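# Structural features, examined
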Amino acid sequence: MRLNPAKVAPEAAPGREAGPEPGSEAQGPEAGPGPDSESRPQPAAGPGSEPFPAAEPEPQPLSASGPGQEPELGWAAGQRAGAPPESQPLPASESENGVSERPRCHTDCLEAPLSRAFRRLGWEVGSHPWIFLLLPMVLTAVLGTGLIHLPKEEEEDLEEHYTPIGSPAKAERRFVQGHFTANDSNLFSISRKSTEVNYASILVVSNTNSLLEQETLSEISEVDDAVQALSVTQGNGTQILYNEVCSKNQGYCVPSNPLLFAWKTNNVLNLKNITFPIYSLAGQVVYLANILGGTVLGESMGLSQLLLEAKAMRLQYYLKTGEGEDSERSKAWLIHFLNQVGNLEKSLALKKIQVVYFTSLSRQLEFEATSMTVIPLFHLAYLLIILFAITSCYRCDCIRNKMWVAAFGVISAALAVVSSFGLMLYIGVPFVIIVANSPFLILGVGVDDMFIMISAWQKTNLMDSIKERMSNVYSKVAVSITITTITNILAFYTGIMTSFRSVQYFCIYTGTTLLFCYFYNITCFGAFMALDGKREVVCLRWLKKPETPDQKCSSLKKPCCLPCNSLRDKHKADIHPMNLFFRDYFGPFLTSTESKFFVVLIYILYIISSIYGCFQVQEGLDLRNLASDDSYITPYFNVEEEHFSSYGPRVMVIVTEALDYWDGDARQKLEKCLVDFENSDYVDKNLTEFWLREYVKYMENHHHDVNDKITFLKNIPNFVIDSPLFMYDINITSSQEIICSRAFIQTMGVSSSTNKKLMLLQFRDMAEKCEIPLMVYNQAFIYFDQYSAILENTVRNVIVASTAMFIVSLLLIPHPLCSLWVTFAIASVIVGVTGFMAFWNVNLDSISMINLVICIGFSFDFSAHISYAFVSSSKPSVNQKTIEALYLLGYPVLQSAISTIIGVCVLSAAKAYIFRTFFKIMFLVMVFGVAHGLIFIPVFLTFF
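Since the structure is predicted, the reported quantities are computational estimates derived from the model, not experimental observations. (Residues numbered from 1 in each chain as written. Predicted model: local features only at pLDDT ≥ 70, side-chain atom pairs only at ≥ 80, totals over all residues. Heavy atoms only, no water.)

Along its length, the protein chain carries 30 helices and 18 strands. Here the protein chain has roughly 38,200 Å² of accessible surface; of this, 59% comes from carbon and sulfur atoms. (Helix = DSSP H or I, 4+ residues; strand = E, 2+ residues; numbered from the N terminus. Areas by Shrake-Rupley, 256 points an atom, 1.4 Å probe, with all protein chains shown as cover.)

Right, dumping it as structure tokens:
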């Protein structure tokens, strides 16, 4: 694409006043599109006077007539598409020729066809605005009916959406479920369950140093009795009692706390002789790990230590779980428990203790409740964006005032949300709660293209027809809005590769909505802008200049002529004050030697802090963060973390294949592997439970030969009669073959997400290295797997998305140096956002992973425009190139960031972590993106 030097300076075209009346439509075949129109010679009468569809549009002054100005840069041609305004003098070589004399890289293969296609589309939109306005609205009305499929009562599956797809723990669970059974009605054991059961949990915290006192235990006993006395009256009048839905052991409800049960059975129990973590009570071994918290231990007594103090106690009420009526009745009792537990605290007038509570349903119920908290915020965000758009596009003269166009641009973004969400719900893409973040982002991002189109419209000639002005606008913005849309959509669609379904669904919804935004901007919004152009024509005719030398307006027209009390020149574009600020103040200041030194120093501090922060980021989603801040589950998890963090879950060590347990060598190999587990820093070796060890003792005590196969197998039934729970740890076939069995180890010191991940990786590594085929499993591993998967997924997505951005930049902005600077900016912003997440207490989880993917797209947008404007500049020095790039693009980059921040800023007031996190990271992305686009990249470019 080349520029005609004769057409660069619009002021060199005298006599334009004698042209057609403003807004008059060109008649005859020359006014419409035609295959031969591109070969016709173009008149040099004035800017923008060529008829559609000329291949080389008449260049306009590179001035900013409105906010959101998009400079008229030939992205692929490596040239500027016009001359600066008169107030910006050029060097002699450029002012005479209009373009740089240096050879440029010409790649019209993508830019030119796209620009021609948009020119034709603009002509059609300008010719038939009502069609292009109404058809998208009809489409929105049709697709919007899909919103009736928004989930209302349906529960969101937290495990399905927020844990990795195909994680090892899910395969391990399937193995356990297929090879081991359990019995909630007679022999309940929580450590032997493969899935989470129905339960209610109360943590009791003593107001004194220890609850091992008679008066304190009496209050705890009152709480326990009151909970077990709760009953639910169903609609048919029948009652659901606790002892009807509780899990049982040998016909009785499993005690909520074995120590409390022992004290209630024997009030004279000696509380001074209790040992921890193993307590022998009437010949029965009781494990107190995770039952008592905040313990202070004394002298050693065998495998345990004397318990001196205990600050907290856990009361656990296990209920029947499974399919069918029993589980439904259990859930009904739990809901009643949640409704009544607050009243119990008041009615019992507790003085010695404080209680916090939680149930197996709480996480789900509280998570769903958080979605309701953002609905009022959406309305506020919508209002703020409209006010920002109106303020940015407001002008005091009625011709150039675009406040209503800007307001409709926001409405267009809302239409895109309705259309996209309706389509996705029709297709059947699940609506998860984090998708509720998407409209806030779309409101901020979706209006960026609107600002660019308004700016391009402001640069068109008022004397041209609407069709000509629309075709010029579309040809100028074609590559700009297309490349930003493509990069943002690619950034989101790469998120579909992740292993987390919640991230997949969010990226599908948001990427599709951005596509609808693009479509509605070039159809619906463009049509509204064309109709507003007709309003300009009417207004301009009414405000014709008076026949007086000073061109003063009449008193009636004064309100429309503010603030200058005179009409603007029809051929002259505005220069926005912000563009002058970047040209006359910010650019020269930034390119001074002192400023460059300071900027480099700031960047070094930034990158060092960011890298340090990257190593401090915690991985994984803390499940307490799925609820709102004022939820009752928050104090529960706080107490659990403070007093019950010493011990972790009880982990199964499973022998997955048939083994000759009667063979001494096989037992020795298995024992060696189990000892390796016990020697881990994450295992309390004194709390291991293994049926084979107990069975060998049993055989030796009865003087049986443990190495004889027949004797070994024949005595197992008698052994499990004495120790019935071991019945569920041995899988013996009808042919008397032990195809699998399991042991249990007690984890410890795994309160942090890092330790959970290291423990899980270590256990699986030990199982793999063992000569005996082993597997480790606990139901919590389903969630622990996210700690190892989240980093891998994030790195993969960032690499793939960054590679896609690099390829796109090479294709549509084909300047190698520019592409390298874009890639550098993307990497630098990602490092900064990730590092500062740690300083702002944001974990690397599925929610923040979404934002890092978003980060890539925005980093590209901010840096690509600035760096390409620099390399495309024909200015003689690097400082002048930088100043010109900032003059042309500083304000639109700043405006884009501000509009996005406004769109998500209301989420900072949300009570839920998942929404606040979205705001925090988007704020970091915008701030660091703008800092790179307006400060770091411009300065660094001057060094090369």
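Turning our eyes to something else, we now look at the state of the cysteines. Using the criterion set out here, one finds two disulfides in the structure. Sulfur-sulfur distance for the disulfide between C246 and C253 comes to 1.8 Å. Across the S-S bond of C246 and C253 the torsion is about -65°, and the bridge reads as left-handed. We classify C246 as buried; its relative accessible area is 0%. Residue C673 pairs covalently with C770 via a disulfide, S to S 1.8 Å. Of note, the bridge from C673 to C770 carries an S-S torsion of about 95° and is right-handed in sense. Of this pair, C673 sits in helix α21 (residues 664–678) while C770 sits in the loop between α25 (753–769) and β18 (774–777); the two residues are 97 residues apart in sequence, bridging distant segments of the chain. No difference in accessibility class separates C673 from C770, as the two residues are buried. (Disulfide = S-S within 2.5 Å. Buried < 20%, exposed > 50% of the residue type's maximum accessible area, 1.4 Å probe, protein only.)

Of all the 11 residues making up strand β17 (residues 738–748), nine are buried; the element is thus mostly covered by neighbouring parts of the structure. Direction of pairing for strand β15 (residues 683–690) relative to β17: antiparallel, over a ladder of four bridges. Within β17, the residue paired with D684 across the bridge is Q746. One ladder, built from three bridges, connects strand β16 (residues 730–732) with β17; its direction is antiparallel. Among the inter-strand pairings, I730 is bridged to a residue of β17, identified as S741. (Pairing = 2+ DSSP bridges.)

The next subject is the pattern of salt bridges. Note that side chains of opposite charge can pair when their charged atoms are close. Inspection of the entire model under this criterion finds 26 salt bridges. One salt bridge in this structure joins R501 and E160, with 2.6 Å as the shortest N-O distance. Of this pair, R501 sits in helix α16 (residues 501–542) while E160 sits in helix α4 (residues 158–162), placing them 341 residues apart in sequence. The exposure class of R501 is partly exposed, given its relative accessible area of 24%. (Salt bridge = Lys/Arg side-chain N within 4 Å of Asp/Glu carboxyl O.)

What follows covers a nonpolar patch on the surface. On the surface, F597, F598, L601, I602 and L605 cluster together into a nonpolar patch covering about 500 Å² of accessible area. Structurally, I602 is set in helix α19 (residues 593–614). Overall, the relative accessible area of 32% leaves I602 in the partly exposed class. (Patch = residues over 30% accessible without salt bridge, like charges linked within 9 Å, V, L, I, M, F, W, Y side chains within 5 Å.)

Counting across every chain of the model gives eight cavities of 30 Å³ or more. Its boundaries defined by the atoms lining it, the largest cavity holds a volume of some 320 Å³. In this structure, the largest cavity is lined by 24 residues; those nearest its centre are D448, D449, I452, T484 and S896. With five residues, helix α29 (residues 878–905) is the largest single contributor of residues to the lining of the largest cavity. Each residue belonging to the lining of the largest cavity can be placed in one class, and the counts come to 11 nonpolar, nine polar and four charged. (1 Å grid on protein atoms, 1.4 Å probe; cavity = no way out; pocket = protein on both sides within 12 Å on 5 of 7 lines; lining within 4 Å. Points joined across faces, edges and corners; volume = space filled by probe spheres on them. Nonpolar A, V, L, I, M, F, W, Y, C, P; charged D, E, K, R; others polar.)

We now examine the nonpolar core. Grouped together as the largest cluster of nonpolar side chains are 154 residues, with contacts concentrated most on I434, M529, V833, I854, F858, I914 and F915. Top contributing element to this core by residue count: helix α30 (residues 913–941), with 19 residues. When residues no more than four places from it in sequence are discounted, the contact partners of F915 are T370, S371, T373, V374, I433, A436, N437, L907 and A910. Listed in part, the 66 residues of the second largest apolar core include I202, L260, L338 and Y632. (Core = buried A, V, L, I, M, F, W, Y, C linked by side-chain atoms within 4.5 Å. Contact = heavy atoms within 4.5 Å.)

Moving on to the confidence of the model for the protein chain. Scored by pLDDT, the protein chain has a mean of 80; 83% of the residues are at 70 or more. Low pLDDT (under 50) marks residues 1–108, which in the prediction has 258 contacts with non-local residues, meaning those over four places away or in another chain. Confidence drops under pLDDT 50 across residues 561–566; counting only partners more than four residues distant or on other chains, this segment forms 12 contacts. (pLDDT = per-residue confidence, 0-100.)

A separate point is helix α18 (residues 577–590). Residues lying three or four places apart along an α-helix face the same way, a consequence of the helix completing one turn every 3.6 residues. In this model, α18 (14 residues) spans 18 Å end to end at C-alpha, consistent with the 20 Å of a helix rising 1.5 Å per residue. At R583, α18 is bent by approximately 35°, the largest bend along its length. Every buried residue belonging to α18 is among N579, F582, R583, F586, G587 and L590, and all of these are buried. Of the surrounding elements, those touching the buried residues of α18 are α19, α29 and α30. (Expected span 1.5 Å × (residues − 1). Bend = angle between axes of the 7 residues up to and from the residue.)

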